[in-house]
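# Descriptive analysis of the structure
Next come the chains, spelled out residue by residue.
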Amino acid sequence: MSAVEGFCLVNGQWSDVIPARDRGLAYGHGIFETIRLSDGKLLMSELHLERLKRGAERLSIPVDSTIVQSYLEMLLSRCPDHGVVKVICTAGEGARGYRTYPQTPPNFIVHWGPPPDYPNHWVTEGISAMVCEQRLASFPRLAGIKHLNRLEQVLARMEWQDQFQEGLMRDNEGHIIEGTMTNLFCFRDGSWLTPSLKSCGVAGVMRQYLMDKLMPAMNCPVRESQLSLESLSGMEELFVCNSIAGIWPVRHIADVGQWQPGKATKAVSSALSENFTCFSA
């Protein structure tokens, strides 16, 4: 079945075509969510849709949550039970120029893709990463949201081929912020640390789930902190995460250090797998 026949909706119509004057295409004026679909259920969908709404408000895009939900239900009625569902909300069609018009309705694109083909040993044995030269610009107004302008991540991902599985990104002051597609957690002295995202970076849904729900339920202390490359070398354990892949321990960062998947990481990963079996190795 092709995307047009049933795996992609544009404003509630089965299509994979968007208007040429769409502001998301022209200016990156929009937000998106990428949601894991497992056994016909959208995992952590409430957190995803809450973040979509927050991001839309930040970009002055009027989003009706009931409309988004109806499009998701239409898609799920046709697509397979496992995979990845992406929701894109743009500021709609615009005239030439940057000016926005409040009466312009947003455009919604909802589509399904196959599940990721990540090796199981990345979950159990960990991944190898590098530190990217590409930096993240400080932009507090956009910090945390998942807007459509991903050029910093695209340029960072060009820096390696298959020898690494992820690249860590810093801000212009040298603080570690995130991976190109993941958030970072570090374990030291009985507590978890994750980079502060006040100035830049994406506040991932898996990051939020771990910090607000899973780790507190496990009595695992966790807090945001400013982290440098030097501080990483002193950490006992590291992992990266997102809502599609789950948790990957970090066993090596080029020119920084090496680690083994430890008890703390394994405990969090095991608890996550108990709640969502698709993240099991």
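Quick look at the structure, then. (Residues numbered from 1 in each chain as written. Predicted model: local features only at pLDDT ≥ 70, side-chain atom pairs only at ≥ 80, totals over all residues. Heavy atoms only, no water.)

### Comments concerning the pattern of salt bridges
Under the definition given, this model contains three salt bridges. Salt-bridge contacts for glutamate 93 lead to arginine 21; the nearest nitrogen and oxygen are separated by 4.0 Å. On the criterion of sequence distance, the pair formed by glutamate 93 in the loop between strand E5 (83-90) and strand E6 (107-113) and arginine 21 in the loop between strand E2 (13-14) and helix H2 (23-27) is long-range, its members being 72 residues apart. Look at glutamate 93 and you get partly exposed, because its relative accessible area is 38%. In this structure, the salt-bridge partner of glutamate 224 is arginine 207, at a minimum N-O distance of 2.5 Å. With a gap of 17 residues between them, glutamate 224 in strand E12 (residues 222-225) and arginine 207 in helix H7 (residues 205-217) connect regions that are remote in the sequence. For glutamate 224, a relative accessible area of 39% corresponds to the partly exposed category. (Salt bridge = Lys/Arg side-chain N within 4 Å of Asp/Glu carboxyl O. Helix = DSSP H or I, 4+ residues; strand = E, 2+ residues; numbered from the N terminus. Buried < 20%, exposed > 50% of the residue type's maximum accessible area, 1.4 Å probe, protein only.)

### Focus on the nonpolar core
Ranked by internal contacts, the top residues of the largest apolar core, which has 24 residues, are Ile61, Val85 and Val87. Contributing elements (two or more residues each) for this core: strand E3 (30-38), helix H3 (45-58), helix H4 (65-76), E5 and E6. The greatest single-element share of this core, amounting to four residues, is contributed by H4. Setting aside anything within four residues of it in sequence, one finds isoleucine 61 in contact with His29, Gly30, Ile31, Ala56, Cys89, Thr90, Ala91 and Pro106. In this structure, Cys220, Val268, Ala271 and Phe279 belong to the second largest nonpolar core, which totals 23 residues. (Core = buried A, V, L, I, M, F, W, Y, C linked by side-chain atoms within 4.5 Å. Contact = heavy atoms within 4.5 Å.)

### Quick look at the pairing of strand E8 (residues 166-171)
In terms of residue burial, E8 counts as a mostly covered element, since six of its six residues are buried. Here E8 shows two buried faces, one formed by Glu166, Leu168 and Arg170 and the other by Gly167, Met169 and Asp171. When strand E7 (residues 127-136) meets E8, the two strands line up parallel, connected through five bridges. Considered in E8, the bridge of arginine 135 is made with arginine 170. Note that E8 and strand E9 (residues 176-179) share three bridges and pair antiparallel. Among the inter-strand pairings, methionine 169 is bridged to a residue of E9, identified as glutamate 178. (Pairing = 2+ DSSP bridges.)

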